[in-house]
Amino acid sequence: MSGFLGRRAVVVGAGIGGLAMAGALAKYFERVEIFERDRLPPSSASRSGTPQDRHPHGLLAGGLQALGEVFPGFESDLAKAGAVTVRVARDVQYERPDVGVLPMRDFGLSLLCASRPLIELVLRRRAEAIANIALRPKCRVTGIVPTTSGDAVDGIRFDAGSGRSEILAADLVVDASGRGALTATLFDALGWERPAETEVGVDLRYATVVVAIPPNAPSDWKLVLTQPDPPFLALHAVLVPIEGDRWIIAIADHSATSRIETWDAFLDASRSLITPTLYNALRYAQPPEGIRHYRFPVSTWKHFERLPRLPHGVLPVADSLCRFNPIHGQGMSSAALQARVLQDVLRGTATEPDPIASLQAEFMAEVAAVLETPWTMSTSADLAFPQTRGERPDDFAEAQRFDAALFRAAVADPVVHRATIEVAQLLQPRTRLQEPDIMRRIDAVPTRAAA
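This structure is a prediction, so every number in the text was calculated from the model and none was measured.

Explanation requested: the pairing of strand E2 (residues 29-36) in the structure shown.
Note on strand geometry: in a regular strand, side chains alternate between the two faces of the sheet. Of all eight residues that make up E2, six are buried, and the element is covered over most of its length. As judged from the six bridges shared by strand E1 (residues 6-12) and E2, these two strands associate in the parallel manner. In the sheet register, Val12 faces E2, and the bridge partner there is Phe35. Each parallel crossover has a hand, and for E1 linked through helix H1 (residues 16-25) to E2 it is right-handed.

Would you take a moment to explain the side chain of Gln330 for this structure?
For Gln330, the location among the structural elements is in the loop between strand E18 (322-323) and helix H8 (331-349). Engagement of the side chain of Gln330 in a polar contact is seen with the backbone oxygen of Pro374, the distance being 3.1 Å. Here Gln330 is in contact with Leu60, Phe324, Pro374, Met377 and Ser378, once residues within four sequence places are set aside.

Teacher, can you tell me more about unusual backbone geometry here?
With glycine set apart, most residues show a phi of negative sign, and most peptide bonds adopt trans. Cis geometry is found at the peptide bond from Val88 to Ala89, where omega equals 0°. Structurally, Ala89 can be placed in the loop between strand E3 (84-88) and strand E4 (92-96). Here the bond from Pro230 into Pro231 is cis, since omega is 0°, no more than 30 degrees from zero. With respect to the helices and strands, Pro231 occurs in the loop between strand E13 (223-226) and strand E14 (235-242). In the Ramachandran plot, Lys138 falls in the positive-phi region, its phi being about 55° despite a non-glycine side chain. Considering the arrangement of structural elements, one finds Lys138 in the loop between strand E7 (133-137) and strand E8 (140-146). Classification of Lys138 as exposed rests on a relative accessible area of 52%.

Criteria and cut-off values
- Residues numbered from 1 in each chain as written.
- Predicted model: local features only at pLDDT ≥ 70, side-chain atom pairs only at ≥ 80, totals over all residues.
- Heavy atoms only, no water.
- Buried < 20%, exposed > 50% of the residue type's maximum accessible area, 1.4 Å probe, protein only.
- Helix = DSSP H or I, 4+ residues; strand = E, 2+ residues; numbered from the N terminus.
- Pairing = 2+ DSSP bridges.
- Right-handed = clockwise from strand over helix to strand, strands pointing away.
- Polar contact = N/O pair within 3.5 Å; in protein donor to acceptor, adjacent residues only side chain to side chain.
- Contact = heavy atoms within 4.5 Å.

As C-alpha cells, then:
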C-alpha cells in the first residue's frame, strides 16, 4: 500500500461530480469504484437519473480548466467530440435591462459548449481509461455502513439488481449522489445532528427546445444570455450552441403557474423578453420535436463545512453539499472546482498520520471558498424577485446598487468588464470585484452612463 491512502475509495454517483472526484482519487487509492444506479449509455444520451440533462448546461471557463487539471487532455477530447468553441465575451450576446447589451470584447477566454450527455460521456471515457477506476452501473447504493463504534464508516450497502443487499468495505465513501440523502441518513443512524442549511426558494420553471441552427442565423454571436428585469419581468432565457449544429434554448420563469406547451407559445414567450434577440433568431427555425420542462424549487447549501468534524471516512461533495439554481449554469463547474480542491488536498495530506481524517478536514476548510462566489452571485440575482423565499442580507440593497454600478463600469471600461467575466466564469473569487483598482474604476463611471 506504499503511496496509497487506502485500498478502496467508493464514489456514489457517476455524474459530473462523481466522475471528477474519482479522477482526483485515483492516484491515492489502490482502487476507486464508482456506483451508479442508472444504466450508463455507450453514446451521448439522456438517462433517468439526471432529468435536468435534457436542458442547457454550461461548463464555465473555470470548470473547464479544473477538469483539464484533473483529467489532462479532457478539453481536446471534448472539442473532438463536437463541442462548440465560444469566445468570452466576443461571441456572447449578454443582455441586461439596465445597460443593454454588454460589449463583445475578446478577452482570450473560451468555452466549449455541448449538451450535458456529451460532456458526461467524454468525462466518463476519461475516467474509464484510468486502470484503477471501475464503474459499476445499475448498482443502487442504499446506505453508508457505519462502524460499530459509531463515529466512522465501514463501507456501503448496495443492490446490484438482484434484490439482494450486499456490503462492500471502503476506506472512503464520497457521496456525489445528488441530494446527499445517504450522508443525511448516516448522520441520523449515528445520532449526529445534521448540518445547518441555507435555502433560497426560487420556484423556477423552465421550458427547453432543441432546434437546428437555421441557415440565416446571426453571425455576430454564438451564445445568448437574456436577463430578467425584477420585479417587473420574471422571464429570462439562454441559448447555447451544441454539437450537431444545434441550439438548445431555455426560457425560465420565476413562480410560473403554467407551462409553455407549444412551439407557438414558446415563440410568444421569447417576444416577452427584454429584447427581441431570441425571437428574431428562432422565428425562422424549424419547429422542434417537442418541448421539455423542468422545475427547480429551492437552492440549498448544506453547511457540512461548519461542523467540527465528519464521521471518519465519508465526504459529501457537489450537489450533496450545495445545489444551485441551474439556470445560472454553475453546478458542473462548482463540482469540477471541488474535484481540483480534493486533488490538491490529497497531495498535501498523503503523509499525515491519519490521511483520511486530514483530507476530510482540509477539504471542508477549503470548499466554502469554492462555493461562496457562485452561491452569492446566483442567490443575489434570485433574491431580487420579491416572491423569492429566503433571508436577504442586511446589505442587500447596497449590494444591488453595487451590481448596477459594476455593469455600468463594465460597459465603459474593459478592465472592469474582464474582471466581471473572470468572476462570472469562476476563474476569480468575487472579492476580485472589491479590489482597490476595480473599485476606483467603478467610481470613475458616472451614474448617467446607464442611459
